[in-house]
Amino acid sequence: MRPGRSSRPRTRTRPRHADAEDGFVVAVDRGRYTCVLPAAGPDDPTVTAMRARELGRKSVVVGDRVGLVGDTSGSSGALARIVRIEPRRSVLRRTAEDDASTAEGRLERVVVANADQLVIVSALADPPPRTGFIDRCLVAAYDADIEPLLCLTKADLARPEQILGYYTELELPYLLIRPDSPLDALRNLLTSRVSVLVGHSGVGKSTLVNRLVPEAERAVGTVSAIGRGRHTSTSAVALRLPALPGAEQDPGWIVDTPGVRSFGLAHVSAKSLLHGFPDLVDATADCPANCPHTADEADCALDGWVAAGRADPRRLGSYRRLLASRAGETDPRTEPDPRGHPE
């Protein structure tokens, strides 16, 4: 006879997977995850894995540290399972729009986990720098507790004084990159870190990635093979940096994000938006309680702070445009930035 349900008690006990191997997720493509093992060298095969059902709705993203069981040999046809996601040190998020009342604003996407540094790549000319985009990236970096680094390319075509003057109060670290300039300074800042590269099309980010990782194109092709050879423009890929001659420390990783052209900030509260503008923070101490900091607020202290020369008026304009965009009053895709260029 078939036993009754009462004689088959269910349990929520799950296996501990004490024997799971540590892995680092370097690519995600349609339910398949490319991982590397801690001891794996640059020429060792990667591990293809799927997410275990016991993870439920927990998403796995590039940069995650995970536990792997099953076949982790990386041989052809081998498939492992991700059974555990380690706690994330940082999470870089974005939304399609700023307004949380819209469907796009409510759809929050994790760009990368466990990043240490956000490298904002911007050209000094052709195309001109877009400070509105840089401001958004800074807000996203500070919200995720990730250090920002401004990388200004095409420094042979234009001078950097205007863009650097805009950020002079922030003490924002920056590098100037020319087509023929060595990348030693940038390489040193990337060592032993997981760095995310973001930038608009045409600013030279792909050229920079290929200079940093000469095998980048081959590496991208390899990790994309799990998705029938297609590397979509919306996926992130982590690339291992080559080891420096004579260096024993971890060379680091860069995460290329070809699909991230803008940062919707609906996931960032209006109060936290101000963290991306540290040059304006001190002024808010003189604002009335619950001050919205908008231009029509007569008692907002930000206007007086700027009028006294303590902050660049373009920075205040950028901050208030972000506030208006969150309220759905402007279109973040077409609004001008403080220098007159679209974001």
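Residues numbered from 1 in each chain as written. Predicted model: local features only at pLDDT ≥ 70, side-chain atom pairs only at ≥ 80, totals over all residues. Heavy atoms only, no water.

Attention now goes to the packing of aromatic side chains. Taken as a whole and judged by the stated rule, the model has three aromatic pairs. Taking the centre distance of 5.0 Å and the plane angle of 55° together, the rings of Phe-24 and Trp-253 count as tilted. Note that Phe-24 is positioned in strand β1 (residues 21–29) and Trp-253 in strand β13 (residues 253–256), a separation of 229 residues in sequence. The side chain of Arg-315 reaches across the aromatic face of Tyr-166, ending 5.6 Å from its centre. (Phe/Tyr/Trp six-rings, centres within 6.5 Å; stacked < 30°, edge-to-face > 60°. Helix = DSSP H or I, 4+ residues; strand = E, 2+ residues; numbered from the N terminus. Lys NZ or Arg CZ within 6 Å of the ring centre and 35° of its normal.)

Below, the discussion takes up helix α10 (residues 313–326). Between the first and last C-alpha of α10 there are 20 Å, a value that for 14 residues agrees with the 20 Å anticipated at 1.5 Å per step. Among the structural elements, α2 (131–143), α3 (161–166), α7 (270–273), α8 (278–281) and α9 (302–307) are those in contact with the buried residues of α10. (Expected span 1.5 Å × (residues − 1). Contact = heavy atoms within 4.5 Å.)

This next bit is on the nonpolar core. Counting residues in hydrophobic clusters, the biggest one holds 55 residues, and the most contacted among them are Leu-92, Leu-118, Ile-120, Leu-280 and Tyr-319. The element best represented in this core is α2, accounting for seven residues. Contact partners of Leu-92, with chain neighbours within four places excluded, come to Arg-109, Val-110, Val-111, Val-112, Leu-118, Ala-140, Ala-144, Ile-146, Val-196 and Phe-263. Counting residues in each nonpolar core, the second largest holds 21 residues, with Val-119, Cys-151, Ile-177 and Leu-190 among its members. (Core = buried A, V, L, I, M, F, W, Y, C linked by side-chain atoms within 4.5 Å. Buried < 20%, exposed > 50% of the residue type's maximum accessible area, 1.4 Å probe, protein only.)

This part covers the pairing of strand β4 (residues 65–70). Consecutive side chains along a regular strand alternate between the two faces of the sheet. Relative to β4, β1 runs antiparallel, the two being bridged by four bridges. When the sheet's bridge partners are listed, Gly-23 is paired in β4 with Val-66. Judged from the five bridges that link them, β4 and strand β5 (residues 80–85) form a sheet pairing that is antiparallel. Bridge pairing links Leu-68 to Ile-82 in β5. (Pairing = 2+ DSSP bridges.)

A word on the packing of α2 against α10. Packing of α2 against α10 brings their axes to within 11 Å, and their N-to-C directions diverge by 70°. In terms of their interaxial angle, α2 and α10 are classed as roughly perpendicular. On the side of α2, the interface is formed by Asp-135, Arg-136 and Val-139, while α10 contributes Arg-315, Ser-318, Leu-322 and Ser-325. Within the contact of α2 with α10, the residues separate by chemical class into two nonpolar, two polar and three charged. (Axes fitted to C-alpha atoms, helices over the stretch in contact; angles between N-to-C directions. Parallel < 35°, antiparallel > 145°, perpendicular 65-115°, else oblique. Nonpolar A, V, L, I, M, F, W, Y, C, P; charged D, E, K, R; others polar.)

Right, let's talk about the confidence of the model for the chain for a bit. Summarising the model, the chain shows a mean pLDDT of 84, and 83% of its residues fall at 70 or more. Contacts of residues 226–233 to residues separated by more than four positions or lying in other chains number 18 contacts, the stretch itself having pLDDT below 50. Taken as a whole, residues 332–343 scores under 50 in pLDDT and shows 38 contacts with residues more than four places along the chain or in a different chain. (pLDDT = per-residue confidence, 0-100.)

Once that is clear, we can look at unusual backbone geometry. Going from Asp-126 to Pro-127, the amide bond is cis rather than trans, its omega being 0°. Tracing the backbone shows Pro-127 in the loop between β8 (117–123) and α2. In the Ramachandran plot, Lys-154 falls in the positive-phi region, its phi being about 55° despite a non-glycine side chain. Locating Lys-154 in the fold gives a position in the loop between β9 (147–153) and α3. Of note, the phi angle at His-293 is positive, near 65°, even though the residue is not glycine. Note on placement: His-293 falls in the loop between α8 and α9.

Structurally, Arg-187 can be placed in helix α4 (residues 184–190). At 7.8 Å, Asp-250 is the nearest oppositely charged side chain to Arg-187, a buried residue that forms no salt bridge. One polar contact links the side chain of Arg-187 to the main-chain carbonyl oxygen of Pro-242, over a distance of 2.3 Å. In this structure, Arg-187 is in contact with Leu-212, Leu-241, Pro-242, Ala-243, Leu-244 and Pro-251, ignoring residues within four places of it in sequence. (Lys, Arg positive; Asp, Glu negative; His and termini not counted. Salt bridge = Lys/Arg side-chain N within 4 Å of Asp/Glu carboxyl O. Polar contact = N/O pair within 3.5 Å; in protein donor to acceptor, adjacent residues only side chain to side chain.)

Here the focus is the pattern of salt bridges. Following the criterion strictly, the structure yields 12 salt bridges and no others. Note that Arg-159 and Glu-161 form a salt bridge whose closest N and O atoms lie 2.8 Å from each other. Owing to a relative accessible area of 64%, Arg-159 belongs among the exposed residues under this scheme. The exposure class of Glu-161 is partly exposed, given its relative accessible area of 45%.

This paragraph deals with the side chain of Ser-195. With respect to the helices and strands, the residue Ser-195 is situated in strand β11 (residues 194–198). The contact partners of Ser-195, leaving out residues within four places of it in the chain, are Gln-117, Val-119, Leu-190, Trp-253, Ile-254 and Val-255.

Turning our attention to α2. Taking 1.5 Å of rise per residue, the 13 residues of α2 would be expected to cover 18 Å, and the 18 Å separating its terminal C-alpha atoms lies within 8% of that figure. Counting buried positions over the 13 residues of α2 gives 11, a clear majority of the element. Taken as a whole, α2 has its buried residues at Thr-131, Gly-132, Phe-133, Ile-134, Asp-135, Arg-136, Cys-137, Leu-138, Val-139, Ala-140 and Ala-141. Asp-145 sits one or two residues past α2 and shows a positive phi near 60°.

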